[in-house]
Amino acid sequence: MSESPPPPPEFSRLVKVRPHPPETLTIEASDRERVALAQRFGIAAIDSLVAVARFAEDGAAIAVDGAIDAALVQECAVAGDRFPVKVAESFSVRMIPPVRHPTTPDEEIELDEGDLDEIEFDGEMFDLGEIVAQSLALAIDPYAEGPNAEAARKEAGIVSDDAPQDGPLADLLRGLKKD
């Protein structure tokens, strides 16, 4: 049984870097792309998504530094109502030529902190849109709380761990904390 190919990226912006990358590039997601990304990220909507990236050659590698500005609509993890969220996030990656690791399939590879922000590419072009999409995904709070979260907690009888408690178990707990 053959594997089906991965779906195409929802927000694709190929950047040709040879013979030289552009100095800067601004990309913006279309309505259709924002709807597809919101579905991928499991949020209510993405009202706007713009990114500005700067490129610098570093030998065979390309340093990409940029900033994302987005307006999202998320559902409150507590109350379930929708509320607007602004995202202003920077990103920084190094696009590197393919690395050959002399390993066996089960051998573990140690990665340095800097290796985590390196992405292999074919040396000619890469997808800036997908880099922006993944960076945005990391910036989204999966447990975002909206303005009505506290009221929903109160209505459901959920109290904060810091709130004073009454009852025999609360008295016992307070006695334990004093020691």
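Details of the structure are given in the entry above.
Because the structure is a prediction, the values reported are computed rather than measured.

Here we come to a nonpolar patch on the surface. A cluster of nonpolar side chains, Leu 169, Leu 172, Leu 173 and Leu 176, forms an exposed patch at the surface whose accessible area comes to about 450 Å². Tracing the chain through its elements places Leu 172 in helix α4 (residues 168–178). You can call Leu 172 exposed: its relative accessible area is 52%.

Within the open sheet, the 5 strands sit side by side as β2-β3-β4-β5-β6. Their pairing is mixed. The sheet is open, and its two edges are formed by β2 (24–28) and β6 (118–120), each paired on a single side. The mean angle between the axes of side-by-side strands here comes to 25°, regardless of whether they run parallel or antiparallel. Here strand β3 (residues 45–58) runs beside strand β4 (residues 61–75); their pairing, made up of 13 bridges, is antiparallel. Considered in β4, the bridge of Ala 51 is made with Ile 68. Its contacts with the sheet place helix α1 (residues 31–41) against β2 and β3, and it is angled at close to 95° to β3. Sheet contacts for helix α2 (residues 128–139): β2, β3, β4, β5 (82–96) and β6; angle to β5, the most-contacted strand, approximately 130°.

For a regular strand, the rule is simple: side chains alternate between the two faces of the sheet. Examined bridge by bridge, β2 and β3 share 5 bridges and lie antiparallel to one another. Along β3, the bridge assignment pairs Glu 28 with Val 50. If you look at the hairpin formed by β3 and β4, you'll find 2 residues sitting between the two strands, and Gly 59 has a positive phi there, around 65°.

To continue, consider the nonpolar core. Of all hydrophobic cores here, the largest spans 36 residues; its most connected members are Ile 46, Leu 49, Val 64, Phe 126, Leu 128 and Val 132. Elements that contribute at least two residues to this core include exactly α1, β3, β4, β5 and α2. Tallying contributions element by element places β5 first for this core, with 6 residues.

Moving on to the pairing of β4. For β4 and β5, the ladder comprises 14 bridges, and the chain directions are antiparallel. Residue Ile 68 lies in a different strand from β5, and its bridge partner there is Glu 89. Counting the residues between successive antiparallel strands, the hairpin from β4 to β5 contains 6 residues, one of them, Gly 80, with a positive phi of roughly 85°.

This part takes up the pattern of salt bridges. As enumerated under the stated definition, the model contains 10 salt bridges in all. Linking Glu 10 and Arg 40 is a salt bridge whose minimum nitrogen-to-oxygen distance equals 2.7 Å. Taken as a pair, Glu 10 in the segment before β1 (14–16) and Arg 40 in helix α1 lie far apart in primary sequence, 30 residues in all. Residue Arg 40 is classed as partly exposed on the basis of its relative accessible area, which comes to 37%. Taken together, the shared-partner salt bridges in this structure form one network comprising Glu 10, Arg 40 and Glu 130.

The rules we used
Residues numbered from 1 in each chain as written. Predicted model: local features only at pLDDT ≥ 70, side-chain atom pairs only at ≥ 80, totals over all residues. Heavy atoms only, no water. Patch = residues over 30% accessible without salt bridge, like charges linked within 9 Å, V, L, I, M, F, W, Y side chains within 5 Å. Areas by Shrake-Rupley, 256 points an atom, 1.4 Å probe, with all protein chains shown as cover. Salt bridge = Lys/Arg side-chain N within 4 Å of Asp/Glu carboxyl O. Helix = DSSP H or I, 4+ residues; strand = E, 2+ residues; numbered from the N terminus. Buried < 20%, exposed > 50% of the residue type's maximum accessible area, 1.4 Å probe, protein only. Pairing = 2+ DSSP bridges. Axes fitted to C-alpha atoms, helices over the stretch in contact; angles between N-to-C directions. Contact = heavy atoms within 4.5 Å. Core = buried A, V, L, I, M, F, W, Y, C linked by side-chain atoms within 4.5 Å.

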